[in-house]
Amino acid sequence: MNRDAAERQRAFTALLRSPVVDRHSHPEVWPLVRVHRVTLGEWFAQRLGYRLLVTDSAARLFRLPVDGVVLAPRRFRPPSRRVLVLAVLAAAAAEDAEDLTTTQDLSDRVRVLSTRDDVELATYDPDRFAERTLFVKAVRLLVSLGALRPTGRDDEEQREGWAHRRDAIGGAYEVRRELLLRLVDPTSLRAALGDRSHDGPPHEAAARVGLMRKLVELPVVLHEDLTDAERAYLTGQRHRVLAWCAEMTGWVVEQRAEGMALIAADEADTDLPFPRLRAADFAALMVLDELLRLHGVDSVVTADDLASAAAEVRVRHAKAMTNDLRTGDAVEAAARDVLGALDLLRPTGTPRGWRLTPAAARYRDPRVVAVTARLDEEGAR
């Protein structure tokens with residue numbers, strides 16, 4: 001692979017991870033996005049139905065509706081509704097703020113804004129610690145979307161400190177009005193509000209876009225999850241689809257009888273690597289193995305089955321349990337949370353019932369070793 005191709009892939013996958021890229025947030029990727037903006041824009045538009053907007057100061061990737069419908073994968077631990085509301089209010093407040101503002105200034109403005117009758121929202125009360133904590137998360141969300149840029153390196157610490165100290169001003173931020181006005185794409189907003197007057201791609205393109213999005217965005221794509229049009233497109237264009245995936249990402253499409261998965265070359269390229277070197281992932285992995293051993297792939301398990309597997313893991317690996325995992329149903333909850341996000345444990349639609357998807361078989365019979373033992377093995381190679 002030549003250098004240009006490698007740079008395009010790196011820029012493409014970086015934009016998938018972060019919809020806003022600039023020289024401050026991604027100093028190594030930003031030059032690549034600018035150089036390859038034309039090819040990247042074509043890839044996103046023609047294959048995924050995204051819009052890539054590149055200006056002199058930043059790149060913003062918009063996920064557009066398909067056939068007038070907003071389609072978005074379920075996020076792992078998404079922000080709460082209150083955080084989203086506070087983020088919207090903080091964005092509105094930032095528009096009227098000076099070019100440099102602070103957490104305290106935005107908080108004061110949001111407090112006033114939320115009391116207006118035409119806002120029709122629960123009043124924001126920064127005297128309550130719970131509200132201040134949520135506001136910190138709202139500001140962090142605006143930072144991640146590029147609307148606010150911290151002026152100092154210790155901004156995260158200042159934000160957290162502001163939640164605990166009422167005499168602090170919190171972090172200092174540059175208001176980036178260009179990105180502030182591009183938080184939401186008008187087409188997506190209209191579609192979210194039910195306006196179908198602006199149609200998305202025609203039907204044929206919708207099948208292609210739907211299939212490609214599922215491959216790129218979801219942990220695994222089961223054939224049963226595809227629409228008839230997407231399944232027909234895959235049947236006729238499988239070689240082209242696989243070639244596009246390889247060209248854009250450099251990753252490998254693993255194909256099985258039940259479906260496909262686009263496997264990232266590095267765990268840093270995915271938003272939810274699994275298993276990570278932490279107790280919760282270890283517990284989830286072992287619970288999954290216990291469920292597979294007792295019930296098998298593609299079987300339905302109940303809440304009692306999940307609780308029983310979690311209890312077995314707690315007993316068998318007692319020394320590996322952190323204090324958090326020793327309380328209540330923590331192991332069960334961690335397993336349900338992580339395995340659900342990875343689509344390894346899928347809700348059946350019935351109360352307290354889940355299905356072990358075919359992809360779960362990839363994690364059967366894990367070999368558990370201590371970190372030091374693994375390092376010794378790697379050092380001996």
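Keep in mind that what you see is a predicted model, and the values were worked out from it rather than measured.

**Quick look at the environment of Leu-179**
As for its position among the elements, Leu-179 is in helix H8 (residues 177–180). When neighbours within four sequence positions are excluded, Leu-179 is seen to be in contact with Val-20, Ala-58, Arg-60, Leu-145, Gly-146 and Ala-147.

**Some remarks on unusual backbone geometry**
In this chain, Phe-274 is followed by Pro-275 through a cis amide linkage whose omega measures -5°. With respect to the helices and strands, the residue Pro-275 is situated in the loop between strand E9 (259–263) and helix H12 (279–295). Phi is positive for Asp-298, close to 70°, though the residue is something other than glycine. Topologically, Asp-298 is positioned in the loop between H12 and strand E10 (300–302).

**Regarding the pairing of E9**
Counting buried positions over the five residues of E9 gives four, a clear majority of the element. Two strands pair when backbone bridges link them, and strand E7 (residues 221–222) and E9 are joined in this way by two bridges, in the antiparallel orientation. Opposite Leu-222, over in E9, you have Gly-259 as the bridge partner. In sequence, strand E8 (residues 252–255) turns back onto E9 through a hairpin of three residues.

**What to know about the domain arrangement of the chain**
Each assigned domain of the chain is listed here: domain 1 (3–68 + 203–263), domain 2 (81–181) and domain 3 (279–362). Just the C-alpha atoms count here: the centres of domain 1 and domain 3 sit 31 Å apart. Residue-level contacts link eight residues of domain 1 with eight residues of domain 3. Interface area for domain 1 against domain 3, summed over the two sides, is near 640 Å², with a carbon-plus-sulfur share of 51%.

Conventions used here
Positions within a chain are numbered from 1, following the residues in the order the chain's sequence is written. Given that this is a predicted model, residues contribute local features only at a pLDDT of at least 70 and side-chain atom pairs are listed and counted only at 80 or more, while totals for whole chains, interfaces and linings are drawn from all residues. The basis for every side-chain value is the complete set of heavy atoms in the structure, and neither hydrogens nor water enter the calculation. Strands are runs of DSSP state E lasting at least 2 residues, helices are runs of H or I lasting at least 4, and numbering of each runs from the N terminus. Note on definitions: a residue-residue contact is assigned when non-hydrogen atoms from the two residues lie within 4.5 Å. Think of it in three bands: with a 1.4 Å probe and only protein chains considered, a residue is buried below 20% of the maximum accessible area for its type, exposed above 50%, and partly exposed in between. Strands are labelled as partners when DSSP assigns at least two bridges between them. What counts as a domain boundary in this text is fixed by an automatic or database domain assignment. Once two parts are joined, some of their accessible surface, as seen by a 1.4 Å probe, is lost; buried area is that loss totalled over both.

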